[in-house]
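As a plain string of letters, each chain reads:
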Amino acid sequence: MRFEKVTHGVLRKLQSQGYNVLIAPSDCEDNENVTWKAITVPNVMDWLVALDCEGWTNIPFKEPNIWVIQDVLDNADEAYLYGSVFIEE
């Protein structure tokens, strides 16, 4: 187990291992110190809708930090990535 800086390479590696989402606690105040956890959900869109329906995204200041790995790879320049991801080996 280790922490790695979030990069496109790390995201591609996680994706090849079946992970499709990164999550982090909502109370992270410093983007540089965000610790992400990679998870796998069966259907990303269904999972996001379920979070919204359960009220997770409607509680002020309690919204979880969520990055959909494919969206980040497709749309985010590496210069805008931040934090570290917990890698289990």
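Please refer to the structure placed before this passage.
About the cut-offs
Residues numbered from 1 in each chain as written. Predicted model: local features only at pLDDT ≥ 70, side-chain atom pairs only at ≥ 80, totals over all residues. Heavy atoms only, no water. Helix = DSSP H or I, 4+ residues; strand = E, 2+ residues; numbered from the N terminus. Buried < 20%, exposed > 50% of the residue type's maximum accessible area, 1.4 Å probe, protein only. Contact = heavy atoms within 4.5 Å. Areas by Shrake-Rupley, 256 points an atom, 1.4 Å probe, with all protein chains shown as cover. Pairing = 2+ DSSP bridges. Axes fitted to C-alpha atoms, helices over the stretch in contact; angles between N-to-C directions. Core = buried A, V, L, I, M, F, W, Y, C linked by side-chain atoms within 4.5 Å.

Caption draft 1: A look at the overall build of the protein chain. Across its full length, the protein chain carries three helices and five strands. Ordered by position in the sequence, the α and β elements of the protein chain form the string β-α-β-β-α-β-α-β. Sorting the 89 residues of the protein chain into buried and exposed places 30% on the buried side. Expressed as a percentage of contacts within the protein chain between residues at least 6 apart in sequence, the contacts between residues at least 24 apart total 68%. For the protein chain, the exposed area adds up to about 5,900 Å²; of that, 53% sits on carbon and sulfur atoms.

Caption draft 2: Structural view of the sheet that holds strand β5 (residues 84-87). A sheet is described by the order of its strands in space; here five strands give the open sequence β1-β5-β3-β2-β4, paired in mixed fashion. In this open sheet, the two edge strands, each paired with only one partner strand, are β1 (2-5) and β4 (65-68). Averaged over all pairs of adjacent strands, the angle between their axes in this sheet comes to 35°, without regard to strand direction. Pairing between strand β2 (residues 21-24) and strand β3 (residues 35-39): three bridges, direction antiparallel.

Caption draft 3: View of the pairing of β2. Summarising the sheet, β2 and β4 pair through four bridges and their orientation is antiparallel. Across the sheet, the residue bridging to L22 is W67, located in β4.

Caption draft 4: Expanded view of the nonpolar core. Ranked by size, the top nonpolar core spans 17 residues in total, and within it V6, L11, L14, L22, W36, W67 and V85 carry the most contacts. Going through the elements one at a time, α1 (8-16), β2, β3, α3 (69-75) and β5 are the ones with two or more residues in this core. Not counting chain neighbours up to four residues away, the residues in contact with L14 comprise Y19, L22, A38, I69, V85 and I87. In this structure, I39, V41, V44 and V68 belong to the second largest nonpolar core, which totals five residues.

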